[in-house]
Amino acid sequence: MSQITAESKLRTPAEAAGDYKGLLVRLMSRQLFAETATAEVFGKAVTAGPTWADKYLAAEFAAEEARHSQGLYDLLIDLGEDPEAIIAARPDADEFWQLDLNNWLDIAVFNFTVDRAGSHQIMEYRQSSYLPWADSQEVVLADEEDHYDNGVENLKEFAKDPKKLAQFQTIFNRVLPNCVKRAFGRLAGPDNEMCLATGLKRNPTEVIVNRYLAEMRGHMEGPGLKFPPIAAFEAIKCELADSSKEILLSLQA
Ligand SMILES: [Fe+2]
Ligand SMILES: [Fe+2]
């Protein structure tokens, strides 16, 4: 819809039509993939968690991710879409995020790494021109703050034991490149331009990725976690802007 601009505010599903609606549904579907896959990861964490405190928190997080998923599910129905069909097309959660869901360390790395990448996309959606979606993301982001705090605390715990930190690092080297590729998508292209032109997102992908990586670096320096080598990103064909490579290269083993 050519009359929709970055300043537009759409208040009802009926106002979303044409190419704008197509892109909106693609973005919301991608978030639904992430939220449902994350709900399943935390569901598995109830079994994998080593202590009752870990299991209880995992159950809480699973319920919150399920609520985030349900919010999108309902919004997609309002737009005339079939969320069950969308979810059915997603790879299994372990394949989607490249995780061994029976391994608590994999889940801890996920909690620190992948879940936070989603939050940085949600920070964009919260300011989106499609208000039913934007307004619903405030509560989601508040939940996600707690999830990340827990991810950071877990990393600090693991870092007390050099052997565990080394294991964390190995898993992180596998999970982060896949996460950047999955969570942020392509750097350029018509979808990105239209996102900015219609206010579906407020920042280009490069800026969002860099905001995420810089925040991660802030929490990695203390515990001694390093970014994976650039080769690990290249091996899975994860596109990186030069400015993102710079951040990755600033904290290497
Ligand atoms: Fe979530
Ligand atoms: Fe989360």
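Up top is the structure these notes are about.
A brief report on the enclosed structure follows. Computed from a prediction, not measured in an experiment: that's the story for all the values here.

1. Some thoughts on the overall build of the protein
Part 1 of the argument: When helices and strands are tallied, the protein shows eleven helices and zero strands.
Part 2 of the argument: In sequence order, the protein lays out its α and β elements as α-α-α-α-α-α-α-α-α-α-α.
Part 3 of the argument: On C-alpha atoms alone, the protein measures out to a radius of gyration of 18 Å, which is about the 18 Å that the 2.2 N^0.38 rule sets for 253 residues.
Part 4 of the argument: When its C-alpha atoms are laid out on the principal axes, the protein stretches across 55 × 40 × 30 Å.
Part 5 of the argument: By sequence separation, contacts in the protein at least 24 residues apart represent 75% of the contacts at least 6 residues apart.

2. Thoughts on the packing of helix H2 (residues 52-78) against helix H6 (residues 131-159)
Part 1 of the argument: Where H2 contacts H6, the two axes come as close as 11 Å, and the packing angle between them is 165°. For the element pair H2 / H6, the angle class is roughly antiparallel. In the crossing of H2 with H6, the sense of the turn from one axis to the other is left-handed. On H6, the residues that touch Leu57, Phe61, Glu64, His68, Gly71, Leu75 and Asp78 of H2 are Pro132, Trp133, Ser136, Val140, Asp143, His147 and Asn150.

3. Points about the environment of Ile236
Part 1 of the argument: Take Ile236: it is sitting in the loop between helix H10 (230-235) and helix H11 (242-249).
Part 2 of the argument: Judged by the 13 C-beta atoms lying within 10 Å of it, Ile236 is partly exposed.

4. Section: the environment of Gly199
Part 1 of the argument: With respect to the element layout, Gly199 can be found in the loop between helix H8 (190-197) and helix H9 (205-220).
Part 2 of the argument: In this structure Gly199 comes out as buried when scored by C-beta crowding, with 20 C-beta atoms within 10 Å.
Part 3 of the argument: A C-alpha to C-alpha distance of 9.5 Å links Gly199 and Glu124, two positions 75 residues apart in sequence.

5. Considering unusual backbone geometry
Part 1 of the argument: With a phi angle near 60°, Gln98 is a residue other than glycine that sits in the positive phi range.
Part 2 of the argument: Within the secondary structure, Gln98 is located in the loop between helix H4 (93-97) and helix H5 (104-125).
Part 3 of the argument: Not every positive phi belongs to a glycine, and Lys237 is a case in point at roughly 55°.
Part 4 of the argument: Its place among the elements puts Lys237 in the loop between H10 and H11.
Part 5 of the argument: With 8 C-beta atoms packed within 10 Å, Lys237 lands in the exposed category.

6. Quick notes on the nonpolar core
As a rule of thumb, soluble globular proteins bury nonpolar side chains together.
Part 1 of the argument: Met28, Val41, Val109, Phe110 and Val175 are the most contacted members of the largest nonpolar core, which totals 59 residues.
Part 2 of the argument: Sorting the residues of this core by element identifies helix H1 (18-48), H2, H4, H5, H6, helix H7 (162-184) and H9 as the ones contributing at least two each.
Part 3 of the argument: The element contributing the most residues to this core is H1, with twelve residues.
Part 4 of the argument: Those residues in contact with Val41 that lie beyond four places of it in its chain are Ala93, Trp97, Leu99, Leu101, Ile107 and Phe110.

7. Observations concerning the environment of Ile122
Part 1 of the argument: Here Ile122 lies in helix H5.
Part 2 of the argument: Those residues in contact with Ile122 that sit more than four places away from it in its chain are Gln137, Val140, Leu141 and Glu144.

8. Thoughts on the packing of H1 against H5
Part 1 of the argument: Between H1 and H5, the least distance of the axes is 11 Å, while the angle of their chain directions is 155°. By the criterion of interaxial angle, the relationship of H1 to H5 is roughly antiparallel. In the packing of H1 onto H5, the handedness of the crossing is left-handed. Judged by residue contacts, Gln31, Ala34, Thr38, Val41, Ala45 and Ala48 of H1 engage Trp104, Ile107, Phe110, Asp115, Gly118, Gln121 and Tyr125 from H5.
Part 2 of the argument: Partitioned by chemical class, the residues of the contact of H1 with H5 number eight nonpolar, four polar and one charged.

9. Section: H2
Part 1 of the argument: Compared with an ideal rise of 1.5 Å per residue, which puts 27 residues at 39 Å, H2 spans 39 Å between its outermost C-alpha atoms and is within 8% of the ideal.
Part 2 of the argument: Every buried residue belonging to H2 is among Leu57, Ala58, Phe61, Glu64, Glu65, His68, Ser69, Leu72, Tyr73, Leu75 and Leu76, and all of these are buried.
Part 3 of the argument: Each element contacted by the buried residues of H2 is listed here: H1, helix H3 (83-88) and H6.

Parameters at a glance
- Residues numbered from 1 in each chain as written.
- Chains lettered and ligands numbered in written order.
- Predicted model: local features only at pLDDT ≥ 70, side-chain atom pairs only at ≥ 80, totals over all residues.
- Helix = DSSP H or I, 4+ residues; strand = E, 2+ residues; numbered from the N terminus.
- Rg over C-alpha atoms; globule rule 2.2 N^0.38 Å.
- Contact = placed C-beta atoms within 7 Å.
- Axes fitted to C-alpha atoms, helices over the stretch in contact; angles between N-to-C directions.
- Parallel < 35°, antiparallel > 145°, perpendicular 65-115°, else oblique.
- Left-handed = near helix turned anticlockwise from the far one by under 90°.
- Buried ≥ 20, exposed ≤ 12 C-beta atoms within 10 Å, placed from the backbone.
- Core = buried A, V, L, I, M, F, W, Y, C linked by C-beta atoms within 7 Å.
- Nonpolar A, V, L, I, M, F, W, Y, C, P; charged D, E, K, R; others polar.
- Expected span 1.5 Å × (residues − 1).

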